[in-house]
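Residue-level listing of the chains:
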Amino acid sequence: MKLAVLPGDGIGPEIVAQAVKVLDALRHDGLQVEMEEAPIGGAGYEAAKDPLPEATFKLAQEADAVLLGAVGDWKYDSLPRDLRPERGLLRIRKGLNLFANLRPALLYPELASASTLKPEVVAGLDLMIVRELTGDIYFGQPRGISTLEDGQREGINTMRYNETEIRRIGRIAFDIAMKRNKKVCSVDKANVLESTELWRQVMIEIARDYPEVELSHMYVDNAAMQLVRAPKQFDVMVTGNIFGDILSDEASMLTGSIGMLPSASLDEHNKGMYEPSHGSAPDIAGKDIANPLATILSVAMMFKYSFDDEATASRIDNAVKKVIAAGYRTGDIWTEGCTKVSCSGMGDAVVAAL
Ligand code: IPM
Ligand code: MG
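Bear in mind that the values here come from a model prediction, so they are computed numbers and not experimental data.

Some details on the state of the cysteines
Next, step 1: In the structure shown here, the tally under the stated rule is 0 disulfides.
Next, step 2: A disulfide-free cysteine, C338 has its sulfur positioned 18 Å from the sulfur of C343, the nearest such atom.
Next, step 3: Look at C338 and you get partly exposed, because its relative accessible area is 21%.

Set out below in structure tokens:
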């Protein structure tokens, strides 16, 4: 298997280095993985004046899967939008047609007290957010900032979804629900936005093909509230790009820390890009204190979804469980009585547990 490794910016290189350690350990045990690294985001801009250099995109296209750290740094905020790190990430998602973003929020029992919510609210949480990733207001045209006749400026973005886009992400959500608790909650704002009114109609149509799955609908504002009120009511949540971006950050806090949430972004053939759900956290970059578990868990997702290798995926998942049960914590999930470890210390602990 060939893997494109794109560390990116901020804490990206540190957390990816821990995931690579895990992959190296698996290689040592005979797993055939070849890795090649390339710059993206701010690192891409530094290397080739492009947040997604052509060589990086080509490598990603040819690889069997992509492992990504994170992109973004405040120092690029004044660049033209097309040259900013985030644009590199959006272009690789779109360019590889990675429309299905899976963000599982799973609470490890030992971390119940690390969440800002009461332990009884989050204990046992196991939720899958299915976020559409290549459409919606993120990509809709027209967009831009222009000057109106009266001289003032206007910013425009367009929220739009066609049926094909909605149907393919809906099917993914229903298929995943069939392997879980058979409940799909579709999140929209159908009371106000036509694009999501269509979203709801299409979800209802898909549900006819899945008689065993219970479909419910929720407006996004209510969903945001329900996620902190009673998150365990959810099994699979399916939603558009922007709502999914916001709700997945919210859901990550239910698991104790945003540093725990992995993600998979898949095309229709299960080729995927794997990255933590969190960002590049430039404020703590280079300090060796970031939590690498979301990235390591993303590698487990890679084995499960792209390589169809459940055994290796569980092996990594179990190593993470062991490390947490043994009391190792990075600062973001640390509580009294646990052993505080650095980012690289956590990587070493997972390798030892493997
Ligand atoms: C995410 C991030 C990205 C997004 C940013 C960095 C462009 O927040 O993956 O959730 O908005 O999709
Ligand atoms: Mg986000």
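Resuming the write-up.
Comments concerning the site of ligand 1
Next, step 1: All residues in the neighbourhood of ligand 1 are listed as E86, L89, R93, R103, R131, Y138 and D245.
Next, step 2: R93 has a polar side-chain atom sitting 2.7 Å from an oxygen atom of ligand 1.
Next, step 3: For ligand 1, an oxygen atom lies 2.8 Å from a polar atom in the side chain of D245.
Next, step 4: In terms of residue count, helix α4 (residues 85–95) provides more of the shell around ligand 1 than any other element does, 3 residues in total.
Next, step 5: When grouped by side-chain class, the residues that make up the shell around ligand 1 number 2 nonpolar, no polar and 5 charged.

Describing the domain arrangement of the protein chain
Next, step 1: Under the domain assignment used here, the protein chain contains domain 1 (1–99 + 279–354) and domain 2 (103–266).
Next, step 2: Averaged C-alpha coordinates put domain 1 and domain 2 at centres separated by 23 Å.
Next, step 3: Contacts between the two partners involve 23 residues from domain 1, matched on the other side by 28 residues from domain 2.
Next, step 4: With both sides pooled, the region where domain 1 packs onto domain 2 buries about 2,400 Å², and carbon together with sulfur makes up 66% of that total.
Next, step 5: In terms of surface lost to domain 2, no three residues of domain 1 exceed R93, F99 and M301, which account for 29% of the buried area on that side.
Next, step 6: Linking domain 1 to domain 2 there are 0 salt bridges.
Next, step 7: There are 7 residue pairs in polar contact (both at pLDDT 80 or more) connecting domain 1 and domain 2.
Next, step 8: Broken down by secondary-structure element, the contributors of at least two residues to the side of domain 1 that touches domain 2 are α4, α10 (293–305) and α11 (310–325).
Next, step 9: In terms of residues, the side of domain 1 that touches domain 2 owes the most to one element, α10, which gives 6 residues.
Next, step 10: Along the lines of polarity and charge, the residues of the side of domain 1 that touches domain 2 split into 12 nonpolar, 5 polar and 6 charged.

Focus on the sheet that holds strand β3 (residues 65–70)
Paired through their backbone hydrogen bonds, the strands of a sheet run either parallel or antiparallel.
Next, step 1: Taken together, the 10 strands give an open sheet; going across it, the order is β2-β1-β3-β12-β11-β4-β5-β10-β8-β9, and neighbouring strands pair in mixed fashion. The two strands at the open ends of the sheet, each matched to only one other strand, are β2 (34–37) and β9 (214–219). Between one strand axis and the next, the sheet turns through 25° on average, direction left out of account.
Next, step 2: Sheet topology note: the β3/strand β12 (residues 272–274) ladder contains 3 bridges and is parallel.

A few points about the nonpolar core
Next, step 1: Formed by 85 residues in total, the largest nonpolar core has its most connected members in L102, L127, V130, M237, L293 and F303.
Next, step 2: Looking at this core, you find at least three residues from each of domain 1 (1–99 + 279–354) and domain 2 (103–266).
Next, step 3: Not counting the four nearest positions on each side in its chain, V130 is found in contact with N101, L102, I169, I172, A173, I176, V236, M237, V238 and T239.
Next, step 4: By size, the runner-up hydrophobic cluster in this structure holds 17 residues, among which are F57, L59, A63 and M273.

A short note on the packing of aromatic side chains
Next, step 1: Inspection of every chain in the model, using the stated rule, returns 4 aromatic pairs.
Next, step 2: When the ring of Y45 is compared with that of Y76, the centres are 6.0 Å apart and the planes differ by 70°; the resulting orientation is edge-to-face. One end of the pair, Y45, is in helix α2 (residues 42–48); the other, Y76, is in the loop between β3 and α4, with 31 residues separating them in the sequence. For the pair shown, Y45 and Y76 are each scored as buried.
Next, step 3: Seen from their ring centres, Y161 and W199 are 5.3 Å apart, and the 50° between their planes marks the pair as tilted. Of the two residues, Y161 is situated in the loop between β7 (153–156) and α6 (163–178) and W199 in helix α7 (residues 194–207); the sequence distance between them amounts to 38 residues.
Next, step 4: Over the aromatic face of F139 sits the side chain of K94, whose NZ or CZ is 4.8 Å from the ring centroid.

Describing the environment of I172
Next, step 1: With respect to the element layout, I172 can be found in helix α6.
Next, step 2: When the C-alpha positions of I172 and V130 are compared, they lie 8.0 Å apart, and in sequence the two are 42 residues distant.
Next, step 3: Among all residues touching I172, those that are not within four sequence positions of it are F99, A100, L102 and V130.

Section: unusual backbone geometry
Next, step 1: Between Q141 and P142 the backbone carries a cis peptide bond, its omega angle lying at -5°.
Next, step 2: Backbone geometry at K182 places phi at a positive 60°, although glycine is not the residue there.
Next, step 3: Of note, K182 is situated in the loop between α6 and β8 (183–188).

The rules behind each value
Residues numbered from 1 in each chain as written. Chains lettered and ligands numbered in written order. Predicted model: local features only at pLDDT ≥ 70, side-chain atom pairs only at ≥ 80, totals over all residues. Heavy atoms only, no water. Disulfide = S-S within 2.5 Å. Buried < 20%, exposed > 50% of the residue type's maximum accessible area, 1.4 Å probe, protein only. Near = heavy atom within 4 Å. Polar contact = N/O pair within 3.5 Å; in protein donor to acceptor, adjacent residues only side chain to side chain. Helix = DSSP H or I, 4+ residues; strand = E, 2+ residues; numbered from the N terminus. Nonpolar A, V, L, I, M, F, W, Y, C, P; charged D, E, K, R; others polar. Domains from an automatic or database assignment. Contact = heavy atoms within 4.5 Å. Buried area = accessible area lost by both parts, 1.4 Å probe. Salt bridge = Lys/Arg side-chain N within 4 Å of Asp/Glu carboxyl O. Pairing = 2+ DSSP bridges. Axes fitted to C-alpha atoms, helices over the stretch in contact; angles between N-to-C directions. Core = buried A, V, L, I, M, F, W, Y, C linked by side-chain atoms within 4.5 Å. Phe/Tyr/Trp six-rings, centres within 6.5 Å; stacked < 30°, edge-to-face > 60°. Lys NZ or Arg CZ within 6 Å of the ring centre and 35° of its normal.

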